[in-house]
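Remarks on the overall topology
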Amino acid sequence: MMNRKKKPLNTNFIFLMLGRMVSDTGTGIQAMIIPLYIIDTGGSAATVGLFSFLSLIPILLIYPFAGVAGDRLNRKSIMVGTDLANGLIILGLAFAAYSGRMSLTLLFTVQVLTSILYGFFDPATKGMLPQVVPKEELTKANSTVASLRIFSSLLSPVIGAAVYASQGIAVLFLINGISFLLSAGSEMLIRYKHIKRDVVVGVSGLSRDLSEGVKFVLDNKVIGKLCVFSLMLLALIQPIFSVVLPLFFRTRLEYSDPQYGYLQVAIVFGALLGSILVGTLFNKGKEVTKSLLTGCSLLMGTMLVFTVLLFPQTVSALGNGTMIYFALFAGILSLLSVAIIFINVPTQTIIQKETPNEYLSRVFSIVGMISKGGMPFGALIYGIILTGVEVHWMILLATLLTILISLRFIVSFVRVYSQE
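As the structure is a prediction and not an experimental result, all values here were calculated from the model. (Residues numbered from 1 in each chain as written. Predicted model: local features only at pLDDT ≥ 70, side-chain atom pairs only at ≥ 80, totals over all residues. Heavy atoms only, no water.)

Let's talk about the overall build of the protein chain
On a plain count of helices and strands, the protein chain comes out with 14 helices and zero strands. Beginning at the N terminus, the succession of helices and strands in the protein chain can be written as α-α-α-α-α-α-α-α-α-α-α-α-α-α. The globule rule puts the C-alpha radius of gyration for 420 residues at 22 Å, and the 22 Å found for the protein chain is close to it. Summed over its atoms, the accessible surface of the protein chain is roughly 19700 Å², and 70% of this surface lies on carbon and sulfur atoms. (Helix = DSSP H or I, 4+ residues; strand = E, 2+ residues; numbered from the N terminus. Rg over C-alpha atoms; globule rule 2.2 N^0.38 Å. Areas by Shrake-Rupley, 256 points an atom, 1.4 Å probe, with all protein chains shown as cover.)

Structural notes on the pattern of salt bridges
Overall, the coordinates contain eight salt bridges when judged by the stated rule. For the salt bridge of Arg-72 with Asp-209, the shortest nitrogen-to-oxygen distance reads 2.7 Å. Highlighted residues: Arg-72 in helix H2 (residues 45-72) and Asp-209 in helix H7 (residues 202-219), separated in sequence by 137 residues. In this structure, Glu-390 engages Arg-252 in a salt bridge whose closest nitrogen and oxygen atoms are separated by 2.6 Å. In this pair, Glu-390 is assigned in the loop between helix H13 (360-386) and helix H14 (391-419) and Arg-252 in helix H8 (residues 221-252), connecting sequence segments 138 residues apart. What makes Arg-252 partly exposed here is its relative accessible area of 39%. Salt bridges sharing common partners tie together Asp-71, Arg-75, Arg-208, Glu-212 and Arg-362. (Salt bridge = Lys/Arg side-chain N within 4 Å of Asp/Glu carboxyl O. Buried < 20%, exposed > 50% of the residue type's maximum accessible area, 1.4 Å probe, protein only.)

What about a nonpolar patch on the surface?
Nonpolar side chains collect at one region of the surface, where Ile-381, Ile-385, Val-389 and Trp-393 lie side by side and expose about 350 Å² of accessible area between them. Residue class for Val-389 comes out partly exposed when judged on its relative accessible area of 35%. (Patch = residues over 30% accessible without salt bridge, like charges linked within 9 Å, V, L, I, M, F, W, Y side chains within 5 Å.)

Concerning the packing of aromatic side chains
Scanning the entire structure with this criterion turns up ten aromatic pairs. Between the aromatic rings of Phe-216 and Tyr-359, the centroid separation amounts to 4.9 Å while the plane-to-plane angle is 15 degrees, which identifies the pairing as stacked. Of the two residues, Phe-216 sits in helix H7 while Tyr-359 sits in the loop between helix H12 (323-354) and H13, which places them 143 residues apart along the sequence. Aromatic rings pair up to connect Phe-248, Phe-306, Tyr-325 and Phe-329 into one cluster. (Phe/Tyr/Trp six-rings, centres within 6.5 Å; stacked < 30°, edge-to-face > 60°.)

Some thoughts on the side chain of Ser-365
Summarising the element assignment, Ser-365 is placed in helix H13. The class for Ser-365 is buried, based on a relative accessible area of 0%. From its side chain, Ser-365 meets the backbone oxygen of Arg-362 in a polar contact 2.7 Å long. Ignoring sequence-local partners within four residues, the contact set of Ser-365 consists of Tyr-63, Pro-64, Gly-67 and Pro-123. (Polar contact = N/O pair within 3.5 Å; in protein donor to acceptor, adjacent residues only side chain to side chain. Contact = heavy atoms within 4.5 Å.)

Comments concerning the state of the cysteines
Counted according to the given criterion, the structure contains zero disulfides. Sulfur of Cys-227: no disulfide; nearest cysteine sulfur belongs to Cys-296 and is 15 Å away. What makes Cys-296 buried here is its relative accessible area of 0%. (Disulfide = S-S within 2.5 Å.)

What about the environment of Ala-327?
Along the chain, Ala-327 falls in helix H12. Residue Ala-327 is classed as partly exposed on the basis of its relative accessible area, which comes to 48%. Sequence separation between Ala-327 and Ala-266 is 61 residues; the distance between their C-alpha atoms is 9.8 Å.

Quick look at the nonpolar core
Formed by 60 residues in total, the largest nonpolar core has its most connected members in Ile-237, Phe-329 and Tyr-382. Among the elements that take part in this core, H8 stands out by supplying 14 residues, more than any other. Judged by nonpolar contacts, the second largest core, of 23 residues, contains Ala-97, Phe-108, Tyr-164 and Ala-170. (Core = buried A, V, L, I, M, F, W, Y, C linked by side-chain atoms within 4.5 Å.)

Here's the deal with the packing of H8 against helix H9 (residues 257-281)
Running from amino to carboxyl end, H8 crosses H9 at an angle of 150 degrees, the nearest separation of the two axes being 11 Å. Between H8 and H9 lies a crossing of right-handed hand. Residues Phe-241, Leu-245, Pro-246, Phe-249 and Arg-250 of H8 lie in contact with H9, whose contacting residues are Asp-257, Gln-259, Tyr-260, Leu-263, Gln-264 and Ile-267. In terms of residue class, the contact of H8 with H9 is made up of seven nonpolar, two polar and two charged. (Axes fitted to C-alpha atoms, helices over the stretch in contact; angles between N-to-C directions. Left-handed = near helix turned anticlockwise from the far one by under 90°. Nonpolar A, V, L, I, M, F, W, Y, C, P; charged D, E, K, R; others polar.)

Considering the packing of helix H3 (residues 75-98) against helix H6 (residues 169-188)
At a minimum axis separation of 8 Å, H3 and H6 run at an interaxial angle of 165 degrees. Considering their axes alone, H3 and H6 lie roughly antiparallel with respect to each other. Two packed elements cross with a definite hand, and for H3 against H6 that hand is left-handed. Of the residues in the contact of H3 with H6, the class split is 19 nonpolar, five polar and three charged. (Parallel < 35°, antiparallel > 145°, perpendicular 65-115°, else oblique.)

Notes on the side chain of Ser-291
Structurally, Ser-291 is set in helix H10 (residues 288-310). Among the polar contacts listed, one links the side chain of Ser-291 to the backbone oxygen of Phe-342, at a separation of 2.9 Å.

Regarding helix H1 (residues 11-40)
Compared with an ideal rise of 1.5 Å per residue, which puts 30 residues at 44 Å, H1 spans 43 Å between its outermost C-alpha atoms and is within 8% of the ideal. The largest bend along H1 measures about 25 degrees and falls at Ile-33, with the proline Pro-35 one to four residues further on. Trailing H1 by a residue or two, Gly-42 shows a phi angle of about 95 degrees, which is positive. (Expected span 1.5 Å × (residues − 1). Bend = angle between axes of the 7 residues up to and from the residue.)

Re H8
With 32 residues, H8 should reach 46 Å at 1.5 Å per residue; the first-to-last C-alpha distance of 43 Å fits that figure. Maximum bend of H8: about 45 degrees, positioned at Ile-240. The N-cap of H8, judged by a side-chain oxygen 3.1 Å from the amide nitrogen of Val-222 a few residues on, is Asn-220.

What follows is the structure, given as structure tokens:
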């Protein structure tokens, strides 16, 4: 029996993922605990809302400039520099909390700074991945990234809640600051060669680079279609988790608060399962489109079943507060997460394959700005409509729109992608 040659470990990818995971865990801890801290110190719902706003908007505003920086400068240096800066800023926050100098103004200022730094970190990371992983392994690499990010989202509340409850906010900031420094240390070990390109300095050069990135996205039909589809998908689907689920659970269902936590676990488990399945089933080059189309089909099917489960007649027939309804509800939310991952991972892989190295960070920053920009507006529209319309009718409308958009996307995408 012949011995199969083992592939050497891709240490660059491992160091990149370790850095990303530690950084994501630290960011997640802060995002979850600070709202609790604001409430505990007498802050209002409006104050928490302002914090959430300051967590997202600076990232969206800085994305285009971060994309230009990621394509002009050394991406490894950007990652290391932003993590080091984040670590030092949050350690300063830990000192302020320990010495009793903490204030909401300081907290919000730090949140704006860390959001801006993450805005630079994210496009640089996504642009660097295709340079440390062979093209044929991108789908598997992206599914690994997704799995680790989901794992980070599981670790964050556990670590954050335990440390905050037992040690207080100062120790939590101390741990978070150290985590960013460890992340920077891991990224320093990556062997990476920056390819310099000729650039025009000043405002005119920045403007030209931005317009070139936008033009590339608009001219590339595959990326353009994926971009628009991601925007519509996040605007329609993401508010289901952030707006519809808590509203429906609290006003229509008869379950306890711990059971709401179990639903959140089911959602995260679905995302983790989806990322593992994508990396296992669709890890070959041409199968990336199969994952995307499978995700679209699964999304349409799960949205239809989810809509049926929200109707009062279904809740009544299955029994409000029963384990049967809860298991079905948790199962369909989990499948919805699987569908989203089946779409997100190949979308990222296709964009990486379609984009030359010198455009990678700009393209990901533009795609990120457009797609994530749909989330707050989607949540706002859902919130306005749900004040006067029953939740099941709203989701029925969202489901019909999702099916129409998905079918239109599948037909046009397959036609365009097959021509590439």
